[in-house]
Amino acid sequence: MNIKGYISGFDGQALTIVAPFSDDYILTKREITECEIRLDDGRTVSADQRKKIYATMRDISIWSGHLPDEIKALMKYDFIAKTGCDYFSLADADMTTANEFLNFLIEFCIEQDIPTEDSLLDRSPDIARYLYCCLANKKCALCGKKAELHHVDAVGSGRNRKEIVHKGMHVLPLCRTHHTEFHAIGKDTFCEKYKVFGIKLDDYLCRVLRLKG
Ligand SMILES: [Zn+2]
Ligand SMILES: [Zn+2]
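Now for a description of the structure that goes with this document.

Thresholds applied
- Starting afresh in each chain, residues are numbered from 1 along the sequence in its written order.
- Key to labels: chains lettered from A, ligands numbered from 1, both in the order written.
- It should be noted that, the model being predicted, local features are given only for residues of pLDDT at least 70 and side-chain atom pairs only at 80 or more, the latter also being counted only at that level, while totals for whole chains, interfaces and linings use all residues.
- The side-chain values count all of the structure's non-hydrogen atoms but skip hydrogen atoms and water molecules.
- Here a strand pair is declared whenever DSSP counts at least two bridges between the two strands.
- For the purposes of this entry, the term helix denotes a DSSP run of H or I that reaches at least four residues, the term strand denotes a run of E that reaches at least two, and both are numbered from the N terminus.
- Contacts were defined at the residue level, with two residues in contact if any of their heavy atoms lie within 4.5 Å.
- Here, axes are lines fitted to C-alpha atoms. For helices the fit covers the stretch in contact, and angles between N-to-C directions go from 0 to 180 degrees.
- Buried residues are those whose accessible area, probed at 1.4 Å on protein chains only, stays under 20% of the maximum for their type, while exposed residues exceed 50% and partly exposed ones sit between those limits.
- Read the arc as the range of directions from the helix axis to the C-beta atoms.

1. Concerning the sheet that holds strand β3 (residues 148–151)
Across a sheet, paired strands are connected by hydrogen bonds in the backbone, their directions being either parallel or antiparallel.
Then, in step 1: Taken in spatial order, the three strands make up an open sheet running β3-β4-β5, and their pairing is antiparallel. What marks the edges here is a single partner per strand, and that holds for β3 and β5 (199–200).
Then, in step 2: Sheet strands touched by helix α6 (residues 127–136): β3, β4 (170–174) and β5. Its angle to β4, the strand with the most contacts, is close to 70°.

So, in structure tokens, the structure goes:
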């Protein structure tokens, strides 16, 4: 379907799309309240995306002992089962699907603690999402080792860390070595060097990290 025009939200957050539609029955009688809109910018999977996807599937294959083709089939089916997207081929998937699939593989590696050939940070198409997943799984954003929380916002001395309200604060999950480096070289140099930034603690993160929300 081609977009003929659109109305942008007052705060730039919403997009109103008016689409030709005549099947009222499906909306009123079956009470369907969800639909899917995916913007297709016409670009298909790039060689770089494909390389990263295959490298990640290879890491999962080595870790699991399954053949790469088995992992490819399993991960694709799992991805489709979770997202409900159409079956796709890595030869000509659209860029958005390829990125989503890559995010999915990366999150699987973080959650299962799978050793990878190179940094998942470098492979990730969505750094904020990657950092969020590292945080939720307490993995160092740079090397994957067990992480502690570094507060990017100054917590202030004298205050008991257990008593402060964490929700809304920005943190980074870093192992001891990288945490020490952060404090040694400072925020600006560190964030510039590794291209990372603090992630805002929300209710979910406060719950899984057992922090006062
Ligand atoms: Zn710190
Ligand atoms: Zn580290």
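Still to come is the rest of the account.
2. Some remarks on helix α7 (residues 176–185)
Then, in step 1: Residues H178, H179, E181 and F182 constitute the buried set of α7. With its buried residues spanning 160° around the axis, α7 presents them on a single face. Set apart from the buried face of α7 by more than 90 degrees, the exposed residues are R176, T177, H183 and A184.
Then, in step 2: A positive backbone phi angle near 90° is found at G186, which sits one or two residues after α7.

3. Brief notes about unusual backbone geometry
Then, in step 1: One non-glycine residue with positive phi stands out, namely K138, at about 50°.
Then, in step 2: Relative to the helices and strands, K138 resides in the loop between α6 and β3.
Then, in step 3: Given the relative accessible area of 37%, K138 is considered partly exposed.
Then, in step 4: Not every positive phi belongs to a glycine, and R210 is a case in point at roughly 55°.
Then, in step 5: Positionally, R210 belongs in the segment after α9 (203–208).
Then, in step 6: Residue class for R210 comes out exposed when judged on its relative accessible area of 75%.

None of the figures reported here should be taken as evidence of function without further support.
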